[in-house]
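Commentary on secondary and tertiary structure
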Amino acid sequence: NRCWKKEAILKMSAKIDGKPIPDDLLEKLIKSRLANVGLFNQRQLTFGLFDLSIHSKPEANTEEEFRKFWKDLMGIDLIPGANPAASFAHLMGGYDARYYGYMWAEVFSADMFTSRFEKEGIMNPKVGMEYRSKIIGKGGTQDANILLKDFLGREPNEDAFLKQKGVE
């Protein structure tokens, strides 16, 4: 989020000669943020739905299940003989049908960034300290929705996430 804002990029980067990145190059860099975002998110949805599916059945043919989701969401067939499920380490690493959490975390992140940091200043120390005390400092001691509502001053929503992904 913050890393794609001109103010932040200029603070953490420069050309090798120490001069700031030229504005035209900076604008191109910022515009490139949405390159391949649709493909990436389709892939994430494929893995998330596949994970939920196989963990909600007593048995599953993982190759067939994955092929089904891949075809439905990506719109193309997998290469014959390929079985991406066999190398999807999240399936057995303790995630247990929670791979979708990556994308859900992005929803919350985009909402917090847009609603607080972008509105009040991405380098605003007051907002940073509130984020630290109300979100990071609380950790897993309270339900995430309660922490988010306290930080945002309202119920969280997906509007900023969709905008960030280029879906408006």
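Residues numbered from 1 in each chain as written. Predicted model: local features only at pLDDT ≥ 70, side-chain atom pairs only at ≥ 80, totals over all residues. Heavy atoms only, no water.

Focus on the overall build of the chain
Where we set the bar: Helix and strand assignments come from DSSP, with helices taken as H or I runs of at least 4 residues and strands as E runs of at least 2, each series counted from the N terminus. Throughout this description, buried means an accessible area under 20% of the type-specific maximum (1.4 Å probe, protein chains only), exposed means over 50%, and partly exposed covers the range between. Under the convention used here, a 1.4 Å probe and the Shrake-Rupley method define accessible areas, while residue burial counts only the protein chains that appear. In this count, Lys and Arg are taken as positive residues and Asp and Glu as negative ones, while His and the chain termini are left out. Charge placement uses NZ in Lys and CZ in Arg. For Asp and Glu, CG and CD serve respectively.
Along its length, the chain carries 8 helices and 0 strands. Along the longest, intermediate and shortest principal axes, the C-alpha atoms of the chain span 55 × 40 × 30 Å. Across the 168 residues that make up the chain, the buried fraction comes to 29%. When the accessible surface of the chain is totalled, it reaches about 10900 Å², and 57% of it is carbon and sulfur. Each charge class in the chain can be summarised by its mean position, and for the 25 positive and 24 negative side chains these summaries are 7 Å apart.

Focus on the environment of Lys134
The following threshold applies: The contact criterion used is simple: two residues touch if any of their non-hydrogen atoms lie within 4.5 Å.
Looking at the element boundaries, Lys134 is found in helix 6 (residues 125-136). Between the C-alpha atom of Lys134 and that of Met74, which follows or precedes it by 60 residues, the distance is 38 Å. Not counting residues up to four positions away in its chain, the partners in contact with Lys134 are Leu147, Asp150 and Phe151.

Some remarks on the packing of aromatic side chains
The line we're drawing: Only rings of Phe, Tyr and Trp enter the pairing, Trp through its six-membered ring, and a pair is recorded when the two centres are within 6.5 Å. The plane angle decides the type: under 30 degrees is stacked, over 60 is edge-to-face, the rest tilted. Geometrically, a charge over a ring is one whose NZ (Lys) or CZ (Arg) sits within 6 Å of the ring centre while staying within 35 degrees of the ring normal.
Evaluated as defined, the whole model comprises 13 aromatic pairs. Aromatic side chains Phe50 and Phe66 sit 5.1 Å apart centroid to centroid with 80° between the ring planes, which places their arrangement in the edge-to-face category. Taken together, the positions of Phe50 in helix 3 (residues 37-54) and Phe66 in helix 4 (residues 62-74) put the pair 16 residues apart, joining distant regions of the chain. Overall, the relative accessible area of 0% leaves Phe50 in the buried class. The interplanar angle of 40° and the centroid separation of 6.2 Å between the aromatic rings of Phe117 and Phe151 together place this pair among those described as tilted. Note that Phe117 is positioned in helix 5 (residues 101-120) and Phe151 in helix 7 (residues 144-152), a separation of 34 residues in sequence. In this structure, Phe117 and Phe151 share a single accessibility class: buried. Above the plane of the ring of Phe69 lies Lys68, whose end atom (NZ or CZ) is 4.2 Å from the centre.

A closer look at the pattern of salt bridges
Rule in force here: Criterion for a salt bridge: a side-chain nitrogen of Lys or Arg within 4 Å of a carboxyl oxygen of Asp or Glu.
Tallied over the full model, the rule gives 13 salt bridges. Between Arg67 and Glu63 there is a salt bridge; the shortest N-O distance is 3.5 Å. Residue Arg67 and its partner Glu63 are located together in helix 4, separated by 4 residues, close to a single helical turn. Here Glu63 falls in the partly exposed class, since its relative accessible area comes to 31%. For Lys134, the salt bridge is made with Asp150, and the minimal N-O distance between the two is 3.7 Å. Of this pair, Lys134 sits in helix 6 while Asp150 sits in helix 7, and the two are 16 residues apart along the sequence. Salt bridges sharing partners connect three or more residues here, namely Arg116, Glu120, Lys126, Glu130, Lys134 and Asp150.

Observations concerning the side chain of Asp51
What counts, and what does not: Polar contact criterion, stated in full: a pair of N or O atoms within 3.5 Å, where within protein one must be able to donate a hydrogen and the other to accept it, and residues adjacent in sequence count only if both atoms are side-chain atoms.
Here Asp51 shows up in helix 3. A polar atom in the side chain of Asp51 sits 3.2 Å from the backbone nitrogen of Arg98. A polar contact is formed between the side chain of Asp51 and the backbone nitrogen of Tyr99, at a distance of 3.0 Å. Ignoring anything within four residues of it in the chain, the contact list for Asp51 reads Phe88, Leu91, Ala97, Arg98 and Tyr99.

A few points about helix 7
Rule in force here: As used here, the arc is the angular range of directions from the helix axis to the C-beta atoms.
Those residues of helix 7 lying buried are Leu147, Leu148, Phe151 and Leu152. Down the axis of helix 7, the smallest arc covering the buried residues is 120°, so these residues share one side. Residues of helix 7 that are buried in the fold lie against helix 5 and helix 6. Between the side-chain oxygen of the N-cap and the backbone nitrogen of Asn145 there are 2.8 Å, and the N-cap of helix 7 in question is Asp143. Following helix 7 by one or two positions, Gly153 has its phi on the positive side, about 80°.

Just geometry here; none of it tells us what the structure is for.
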